[in-house]
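Remarks on the overall topology
Next come the chains, spelled out residue by residue.
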Amino acid sequence: MNKFITSKKFITTAELKDMGYSYYKIGKLEKDGLLRQVNRSTYENLSYKGDENDFFSAEAFVPNGVICLMSAARYYELTNFLPDTIDVAIERKKKVVTLPDWPEIKIFYFNPTRMELGVSEVWEGDNVFHIFDIEKTVVDIIYYRNKIGIEETTKVLKNYLKRENRQIDRLYAYAKQLRCEKIVRTYLEVLV
């Protein structure tokens, strides 16, 4: 296997085909213990040499999913809370066929407007995952405050407000687009 493949944790069938591997060769790689099929279109690279990141698994098992809520808050260092699951958002009408035993993935179904706003692509070497940007994460956490907990929601917002690179205008813009401007404004007024 070439360097490109050993530097990528999960590989789709389409990527393997683009690299010149036929279905026969892909089957042989799987038989030889170099690949393990995780769903219809994705293989785990068993000869991967890079750093492990659970978000790569989320990207592989939940196509078109976006890391959200407390997992995103942890990524942006807005909380010390260590989630035992990876929170992943998908569009309401989408379905997930297979989920791994580990890491545990918790699915949140978002409407199309909530799914499209503030999505960032994060590359680590040849690996990629999608995550909501920091302002969208804060707005979503305030919106889902009853599921997350008021105390944790308050901590996340306080930590966000301490950041020098915060963009309150963007936070308000997201809140307005997602129809939760009033509750976001209330939280900010109480904390500021």
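For the structure itself, look to the data block above.
Residues numbered from 1 in each chain as written. Predicted model: local features only at pLDDT ≥ 70, side-chain atom pairs only at ≥ 80, totals over all residues. Heavy atoms only, no water.

Details of the sheet that holds strand 3 (residues 42-45)
What links the strands of a sheet is backbone hydrogen bonding, and the strands pair in either a parallel or an antiparallel sense. What counts here: When DSSP locates at least two bridges between a pair of strands, those strands are taken to pair. Helix and strand definitions follow DSSP, with helices as H or I runs of at least four residues and strands as E runs of at least two, each counted in order from the N terminus. Each axis is a line fitted through C-alpha atoms, and for a helix only the stretch in contact is used; angles between axes span 0 to 180 degrees, taken between their N-to-C directions.
Spatially, the three strands line up as an open sheet ordered 1-3-2, and their pairing is antiparallel. Looking at the sheet topology across the chains shown, the edges are occupied by strand 1 (10-12) and strand 2 (35-39). Taken over all neighbouring pairs, the strand axes of this sheet differ in orientation by 35° on average, direction set aside. Here strand 1 pairs with strand 3 via three bridges, running antiparallel. Counterpart to Ile11 in the pairing with strand 3 is Tyr43.

Overview of helix 11 (residues 181-191)
A turn of α-helix holds 3.6 residues, and therefore any two residues three or four places apart point the same way. Our working rule: The buried label goes to any residue with under 20% of its type's maximum accessible area, the exposed label to any with over 50%, and the partly exposed label to all in between, with areas taken from a 1.4 Å probe on protein chains only. It is the directions from the helix axis to the C-beta atoms that the arc portrays. Any two residues having at least one pair of non-hydrogen atoms within 4.5 Å are treated as being in contact.
When we look at burial in helix 11, the residues that qualify are Val184, Tyr187 and Leu188. Looking straight down helix 11, one finds its buried side chains confined to an arc of 95°; they lie on one side. Seen from the buried face of helix 11, the exposed residues on the opposite side, beyond 90 degrees, are Lys182, Glu189 and Val190. As for helix 11, its buried residues are in contact with helix 7 (134-143), helix 8 (145-148), helix 9 (150-162) and helix 10 (168-177).

Observations concerning the pattern of salt bridges
Condition: By convention in these notes, a salt bridge is any Lys or Arg side-chain nitrogen within 4 Å of a carboxyl oxygen on Asp or Glu.
With the rule as written, the count across this model stands at 11 salt bridges. Between Asp140 and Arg114 there is a salt bridge, and its shortest N-O distance comes to 2.4 Å. Pair noted here: Asp140 is in helix 7 and Arg114 is in helix 6 (residues 112-116), with a separation of 26 residues, a long-range link. For the pair Asp140 and Arg114, a shared accessibility class is recorded, and that class is buried. One salt bridge connects Lys136 with Asp140, and the closest N-O pair in it is separated by 2.7 Å. With a gap of four residues between them, Lys136 and Asp140 both fall in helix 7, about one helical turn apart. Per residue, the accessibility class of Lys136 equals that of Asp140, and both read buried. Within the structure, one salt-bridge network assembled from shared partners comprises Lys9, Arg36, Glu44 and Glu52.

Shape is all these values report; function is a separate question.
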